[in-house]
Amino acid sequence: MSKTYDNRRIVFAIIEQKYKEYIALYRTVNNGSIAGLTPFDEFYWHYTYYHKYVTGRISDYKTY
């Protein structure tokens, strides 16, 4: 496989893990409820596009 694909897969795996952590925290704060939970696609968009192009922050995904 290409190196670019491998790097992006790693970034995706990091974002996926952060989403799982977000779900666990959200459920803890909301007494086990997931009502109002941010869907994965929006969560992913914020971690990739929004932070890079809207806020001007170019993040190092290894620090998440």
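Scroll up to find the structure this text is about.
Residues numbered from 1 in each chain as written. Predicted model: local features only at pLDDT ≥ 70, side-chain atom pairs only at ≥ 80, totals over all residues. Heavy atoms only, no water.

1. Some points on the overall build of the protein
Part 1: When you go through the protein residue by residue, the secondary structure sums to two helices and zero strands.
Part 2: When the 64 residues of the protein are sorted by exposure, 11% land in the buried category.
Part 3: At a minimum sequence separation of 6, the contacts of the protein that also span at least 24 residues come to 42%.
Part 4: Roughly 5,100 Å² of accessible area belongs to the protein as shown, and the carbon and sulfur atoms make up 56% of that amount. (Helix = DSSP H or I, 4+ residues; strand = E, 2+ residues; numbered from the N terminus. Buried < 20%, exposed > 50% of the residue type's maximum accessible area, 1.4 Å probe, protein only. Contact = heavy atoms within 4.5 Å. Areas by Shrake-Rupley, 256 points an atom, 1.4 Å probe, with all protein chains shown as cover.)

2. Side note on the environment of Ser33
Part 1: Positionally, Ser33 belongs in the loop between helix H1 (3–29) and helix H2 (40–54).
Part 2: Taking the C-alpha atoms as reference, Ser33 lies 9.8 Å from Ile23; in sequence the two are ten residues apart.
Part 3: Apart from residues no more than four positions distant in its own chain, Ser33 is found in contact with Tyr26 and Arg27.

3. Some details on the packing of aromatic side chains
Part 1: Here the structure, examined in full by the defined rule, presents nine aromatic pairs.
Part 2: Ring centres of Tyr19 and Phe40 lie 5.2 Å apart, and the angle between their planes is 80°; this geometry places the pair in the edge-to-face category. Of the two residues, Tyr19 is situated in helix H1 and Phe40 in helix H2; the sequence distance between them amounts to 21 residues.
Part 3: Looking at Tyr19, the relative accessible area reads 11%, which means it is buried.
Part 4: Among the aromatic residues, ring-to-ring pairing joins Phe12, Tyr19, Tyr22, Tyr26, Phe40, Phe43, Tyr44 and Tyr47 into one connected group. (Phe/Tyr/Trp six-rings, centres within 6.5 Å; stacked < 30°, edge-to-face > 60°.)

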